[in-house]
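# Notes for the structure review
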Amino acid sequence: MPISFLRPPGLVNSPAFSHVAVVPAGATTVYLGGQNGVDEHGAVVSPEVGAQAARALDNAEVALTAASATLDDVIQWFVAIDDGADLAAAYAAIAPRLAREGSPPLVSAVRVAGLGVPGALIEISAIAAVTR
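What you see is a predicted model; the values in this text were computed from it and never measured.

Helix and strand counts for the chain stand at 2 helices and 6 strands. Reading the secondary structure of the chain in the N-to-C direction produces β-β-β-α-β-α-β-β. Here the C-alpha coordinates of the chain stretch approximately 40 × 35 × 20 Å along the principal axes. Split into buried and exposed, the 132 residues of the chain put 38% on the buried side. The long-range fraction of contacts in the chain, counting pairs at least 24 apart against all pairs at least 6 apart in sequence, stands at 73%. Only carbon and sulfur atoms are counted for the fraction: they give 58% of the accessible area of the chain, which is about 7000 Å². In the chain, the 6 positive side-chain charges and the 12 negative ones have mean positions that sit 8 Å from each other.

Following this line, the structure appears as structure tokens:
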């Protein structure tokens, strides 16, 4: 049984996100901890939020792959972005890789005063469900 992504009548109908995801019994749930735009040594890759966002998503993909999941298996993304960072630049760097026609994932985003990694402007975490 596939995962159902719902955009119920009465709620905003956005092509960028769904409101509800229903995961069938038997799916494997994968929880992705926060990923920043850092290299394999923990160094922030750039002072620019777009470059950090792209690397954070690359890091998310590496972690998901280790759990036999893909970006397409993500049912919900959580994005925390530094209050002073350009939100449009961050989303421009990652949106093309997150887009899914017809059944986009759930998305939660928050502005924060700062992140745990000095110099980090964005942190991406997720929940994935694998049904294969």
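After that view, the rundown keeps rolling.
This part takes up the pairing of strand β4 (residues 74–82). Each regular strand shows side chains that alternate between the opposite faces of the sheet. Burial within β4 is extensive, with 8 of its 9 residues counted as buried. As judged from the 7 bridges shared by β4 and strand β6 (residues 122–130), these two strands associate in the antiparallel manner. The residue bridging V74 from the neighbouring strand is A128, located in β6. Bridge count between β4 and strand β5 (residues 106–112): 7 bridges; the pairing is parallel. Its bridge partner being in β5, D82 is matched across the sheet by V112.

This paragraph deals with unusual backbone geometry. One non-glycine residue, S68, lies in the positive phi region at around 60°. Here S68 falls in the exposed class, since its relative accessible area comes to 54%.

Among the secondary structure elements, S125 is positioned in strand β6. For S125, a relative accessible area of 18% translates into the label buried. In this view, S125 contacts L32, G33, G34, Q76, W77 and F78; residues no more than four positions away in its chain are not counted.

For the rest of this paragraph, the subject is the environment of A128. Its location among the elements puts A128 in strand β6. Of the residues examined, A128 reaches a relative accessible area of 1% and is grouped as buried. As for A128 and I75, which are separated by 53 residues in sequence, their C-alpha atoms are 5.2 Å apart. For A128, the contacting residues outside a window of four places in its chain are T28, T29, V30, L64, A69, D73, V74 and I75.

Turning to helix α2 (residues 87–98), a few remarks are in order. Under the 1.5 Å per step criterion, the end-to-end length of α2 is 16 Å for 12 residues, consistent within 8% with the ideal 16 Å. Taken together, the buried positions of α2 are A90, I94 and L98. Summarising the axial view, the buried residues of α2 lie within an arc of 55°, below the 170-degree limit, and thus occupy one face. Exposed and facing more than 90 degrees away from the buried side of α2 are A88, A92 and P96. Against the buried residues of α2 lie α1 (49–66), β4 and β6. For α2, the side-chain oxygen to backbone nitrogen distance between the N-cap and A88 is 3.0 Å, and the N-cap itself is D86.

How each quantity is defined
- Residues numbered from 1 in each chain as written.
- Predicted model: local features only at pLDDT ≥ 70, side-chain atom pairs only at ≥ 80, totals over all residues.
- Heavy atoms only, no water.
- Helix = DSSP H or I, 4+ residues; strand = E, 2+ residues; numbered from the N terminus.
- Buried < 20%, exposed > 50% of the residue type's maximum accessible area, 1.4 Å probe, protein only.
- Contact = heavy atoms within 4.5 Å.
- Areas by Shrake-Rupley, 256 points an atom, 1.4 Å probe, with all protein chains shown as cover.
- Lys, Arg positive; Asp, Glu negative; His and termini not counted.
- Charge placed at Lys NZ, Arg CZ, Asp CG, Glu CD.
- Pairing = 2+ DSSP bridges.
- Expected span 1.5 Å × (residues − 1).
- Arc of directions from axis to C-beta.
- Polar contact = N/O pair within 3.5 Å; in protein donor to acceptor, adjacent residues only side chain to side chain.

By themselves these figures say nothing about function.
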